[in-house]
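Chain by chain, the residues:
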Amino acid sequence: MIEVKNIKKSFGKLRVLHDVSIKVGTGDVVVILGPSGSGKTTLLRCINFLEKADAGSLTIGEKTVDFAKCSKKDILEIRRRTAFVFQNYNLFNNKTALENVMEGLVAARGMPRNIARERAEHELEKVGLTDRLDYYPCRLSGGQQQRVGIARAVALDPDVILFDEPTSALDPELVGETLEVIKKVAKEGRTMIVVTHEMSFAEDVADNVVFMDGGYIVEEGTPQKIFTHPEQERTKQFLRRILPQSEYTI
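What you see is a predicted model; the values in this text were computed from it and never measured. (Residues numbered from 1 in each chain as written. Predicted model: local features only at pLDDT ≥ 70, side-chain atom pairs only at ≥ 80, totals over all residues. Heavy atoms only, no water.)

Chemist: Looking at this structure, I do not really get the pattern of salt bridges. What am I missing?
Modeler: Pairs may arise between side chains of opposite charge once their charged atoms sit close together. Here the structure, examined in full by the defined rule, presents 22 salt bridges. When the shortest N-O distance is used, the salt bridge between Lys95 and Glu103 registers 3.6 Å. On the basis of relative accessibility, which here comes to 22%, the residue Lys95 falls in the partly exposed class. Among the residues examined, Glu103 registers a relative accessible area of 28% and is labelled partly exposed. (Salt bridge = Lys/Arg side-chain N within 4 Å of Asp/Glu carboxyl O. Buried < 20%, exposed > 50% of the residue type's maximum accessible area, 1.4 Å probe, protein only.)

Shown next as structure tokens:
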């Protein structure tokens, strides 16, 4: 179980997160929606300690940390329990696809290289890249690079995988193949928090949908509730702009 309670984050005088709290059950997929600047990415980055939150607490399994008082040891343990899939892939350009997946296993987890190689090959096979193991990122398409990023995250076997708009940097024709890979990961029973604007993906995969705006959680619920019967006017305004009106009446 993942729980964030009353998280606050400011950049200078700009408050980006206002007492945000979310809970994710083991094996659940939570999709976070919202306009640009709503705090979605900052929330993910705080969970992974890529950003240091100002206040609040984070619980992953039996481990609870206070954002304001956590030690370097606490941060390291949380990072080992999480994995992050970035918008822009964040691969090492001087390493092959196989080496990119192996890196975290060897450097961060201390796994023997032969075992790390076997796991990396297995995860890259699952995302359809068996024939690209020795390719450097410059020789891979955007979709292939993102699939390497997903394989890297899954290989770590984390308690939760955080996806930050994983298709936003892709050409439209590559979005579908990447979403299919993420759906396969979800079907494995992985606990996932996904920031995305892909509504059909959210409807198909999410157990719960969270709508954020202005650093607040405006509304949350099942995909059916949020997409067909939202209660808050701000949620309705957002969905009217992005959902096909032929499919939904809001």
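Chemist: When you look at the packing of aromatic side chains in this model, what are you seeing that I'm missing?
Modeler: Each aromatic ring pair is described using two quantities: the centre-to-centre distance and the angle formed by the ring planes. Counted according to the given criterion, the structure contains three aromatic pairs. Pairing Phe49 with Phe67 gives two aromatic rings, centres 5.5 Å apart and planes at 45°, and the pair type is tilted. Here Phe49, found in the loop between helix H1 (40–47) and strand E4 (55–60), pairs with Phe67, found in the loop between strand E5 (63–66) and helix H2 (72–81); they are 18 residues apart in sequence, far enough to count as distant. Here Phe49 matches Phe67 in class, with each residue buried. Relative to Phe238, the ring of Phe211 lies with its centre 5.0 Å away and its plane at 40°, an arrangement referred to as tilted. Note that Phe211 is positioned in strand E9 (residues 208–213) and Phe238 in helix H9 (residues 233–242), a separation of 27 residues in sequence. Just above the ring of Phe11 sits the side chain of Lys9; from NZ or CZ to the centre is 4.8 Å. (Phe/Tyr/Trp six-rings, centres within 6.5 Å; stacked < 30°, edge-to-face > 60°. Helix = DSSP H or I, 4+ residues; strand = E, 2+ residues; numbered from the N terminus. Lys NZ or Arg CZ within 6 Å of the ring centre and 35° of its normal.)

Chemist: It is not clear to me how unusual backbone geometry should be interpreted in this structure. Could you clarify?
Modeler: For residues besides glycine, phi is generally negative; the peptide bonds are generally trans as well. In this structure, Asn6 takes a positive phi of about 55° despite not being glycine. Position of Asn6 among the secondary structure elements: in strand E1 (residues 2–11). With a relative accessible area of 39%, Asn6 lands in the partly exposed category.

Chemist: Just to check I follow, could you spell out the sheet that holds strand E3 (residues 29–33) for this structure?
Modeler: Two modes of strand pairing occur in sheets, parallel and antiparallel, and in both the strands are linked by backbone hydrogen bonds. Spatially, six strands are ordered E6-E7-E8-E3-E9-E10 in an open sheet, and the strand pairing comes out mixed. The open sheet has two free edges, formed respectively by strand E6 (82–85) and strand E10 (216–221), since each of these has just one partner strand. Ignoring which end each strand starts from, the neighbouring axes of this sheet average 20° apart. Inspection of the sheet shows E3 paired to strand E8 (residues 192–195) by four bridges, in the parallel sense. Counted as the bridge partner of Val30 is Ile193 from E8. Docked against the sheet, helix H5 (residues 142–155) engages E6 and strand E7 (160–164), running at close to 180° with respect to E6. Each of E3, E9 and E10 is contacted by H9, which is oriented at about 100° to E9, the strand it contacts most. (Pairing = 2+ DSSP bridges. Axes fitted to C-alpha atoms, helices over the stretch in contact; angles between N-to-C directions. Contact = heavy atoms within 4.5 Å.)

Chemist: Hey, could you run me through the sheet that holds E1 in this one?
Modeler: Ordered in space as E2-E1-E4-E5, the four strands form an open sheet in which the pairing is antiparallel. What marks the edges here is a single partner per strand, and that holds for strand E2 (14–24) and E5. On average, adjacent strands in this sheet sit at an angle of 15° to one another, irrespective of strand direction. Its contacts with the sheet place H1 against E1, E2 and E4, and it is angled at close to 115° to E1.

Chemist: Looking at this structure, how should I read H5?
Modeler: Because an α-helix packs 3.6 residues into every turn, residues spaced three or four apart end up facing the same way. Along its 14 residues, H5 runs 20 Å from first to last C-alpha, staying within 8% of the 20 Å computed at 1.5 Å per residue. The buried fraction of H5 is high, at 14 of 14 residues. Remark: Asp157 follows H5 within two positions and exhibits a positive phi of approximately 50°. (Expected span 1.5 Å × (residues − 1).)

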